[in-house]
Amino acid sequence: MKNLWIIAVLFGLISCKSEAQQEEQKTRDYKVKKTENEWKAELTQEEFNILRKAGTERPFSSPLDDVKESGTFVCAACGNELYETKHKFDSGTGWPSFDRAFDGSLAMSSDRNLGYERSELLCGDCGGHLGHLFDDGPRETTGKRHCINGVALKFIPKQKK
Ligand SMILES: [Zn+2]
């Protein structure tokens, strides 16, 4: 009986911790604030899974990986302008990759979902999960690789004059 109690307390501690972490994510002060239910109603299931649940799309699954024409990539959830085609490069990973974002457009976090620390890239306006930041980008520019889920982005081609 005593053992059961200890197990119950331990479970309580573990769940408290993860709730506290989730709470921290939710209460960060983003310009666009919606409840998870509101996001769920607005986004497709795939978008919700990636932007709100930090999922990862299958590599080479996004048509945006092949975009080469001039334009802007905005957050699929809130429309925040994040990237432009001129900073996109072919990383060969199968995910849209950029060497930089528009200044101030992103928020950063970190996760250990794969057992090691990774820098997570979030939309600076709504906190939606976009992808991760790596240091193996093109050396001749920033050296950074923003590895982004195409599902988290919408492409807006530049208006032709
Ligand atoms: Zn956003």
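Before reading further, recall that the structure is shown in the block above.
Residues numbered from 1 in each chain as written. Predicted model: local features only at pLDDT ≥ 70, side-chain atom pairs only at ≥ 80, totals over all residues. Heavy atoms only, no water.

Student: Looking at this structure, I do not really get the sheet that holds strand β3 (residues 88-89). What am I missing?
Tutor: Within a beta sheet, neighbouring strands are joined by backbone hydrogen bonds and run either parallel or antiparallel to one another. The strand order across the open sheet built from six strands is β3-β4-β8-β7-β6-β5, with neighbouring strands paired in antiparallel fashion. Pairing within the sheet leaves two strands with one partner each, and these edge strands are β3 and β5 (106-111). Where strand β6 (residues 118-123) lies against strand β7 (residues 129-134), four bridges are found, and the strand directions are antiparallel. Its bridge partner being in β7, Leu-122 is matched across the sheet by His-129. (Pairing = 2+ DSSP bridges. Helix = DSSP H or I, 4+ residues; strand = E, 2+ residues; numbered from the N terminus.)

Student: Would you take a moment to explain the environment of Leu-43 for this structure?
Tutor: Its place among the elements puts Leu-43 in the loop between α2 (36-42) and α3 (45-51). Take Leu-43: its relative accessible area is 9%, and that puts it in the buried class. Beyond its immediate sequence surroundings of up to four residues, Leu-43 is in contact with Phe-48, Leu-51, Arg-52, Ala-76 and Ala-77. (Buried < 20%, exposed > 50% of the residue type's maximum accessible area, 1.4 Å probe, protein only. Contact = heavy atoms within 4.5 Å.)

Student: Looking at this model, I keep getting lost on the packing of aromatic side chains. Mind explaining?
Tutor: The geometry of an aromatic ring pair comes down to the distance between the two centres and the angle between the two planes. Using the criterion set out here, one finds three aromatic pairs in the structure. Taken together, a centroid distance of 4.8 Å and an interplanar angle of 45° make the contact between Phe-73 and Phe-155 tilted. Taken together, the residues Phe-73 in strand β1 (residues 71-75) and Phe-155 in strand β9 (residues 153-157) connect sequence positions 82 residues apart. Both residues of the pair, Phe-73 and Phe-155, belong to the buried class. Summarising the aromatic geometry, the rings of Tyr-83 and Phe-98 are spaced 4.2 Å apart at their centres and angled 15° between planes, so their arrangement reads as stacked. A residue pair is termed long-range when its members are at least 10 positions apart, and Tyr-83 in strand β2 (residues 81-84) and Phe-98 in strand β4 (residues 97-98) qualify at 15 residues. Clustering of aromatic rings is evident, with ring pairs tying together Phe-73, Tyr-83, Phe-98 and Phe-155. Against the face of Trp-39 rests Lys-34, its NZ or CZ located 4.9 Å from the ring centre. (Phe/Tyr/Trp six-rings, centres within 6.5 Å; stacked < 30°, edge-to-face > 60°. Lys NZ or Arg CZ within 6 Å of the ring centre and 35° of its normal.)

Student: Just checking my understanding: could you explain the environment of Pro-96 for this structure?
Tutor: Its location among the elements puts Pro-96 in the loop between β3 and β4. Filtering out sequence-adjacent residues up to four positions away, Pro-96 remains in contact with Glu-57, Ser-62, Leu-64, Asp-65, His-146, Cys-147, Ile-148 and Gly-150.

Student: Could you clarify how one ought to interpret the pattern of salt bridges in this entry?
Tutor: Oppositely charged side chains may form a pair once their charged atoms are brought near each other. Counted under the stated rule, the structure contains ten salt bridges. In this structure, Arg-52 and Glu-36 form a salt bridge, with 3.1 Å as the shortest nitrogen-oxygen distance. Here the residue Arg-52 occupies a position in the loop between α3 and β1, and Glu-36 occupies one in helix α2, the gap between them amounting to 16 residues. Overall, Glu-36 belongs to the partly exposed group, its relative accessible area being 23%. Where Asp-135 meets Lys-144, a salt bridge forms, and the shortest distance between an N and an O atom there is 2.6 Å. Residue class for Asp-135 comes out exposed when judged on its relative accessible area of 58%. (Salt bridge = Lys/Arg side-chain N within 4 Å of Asp/Glu carboxyl O.)

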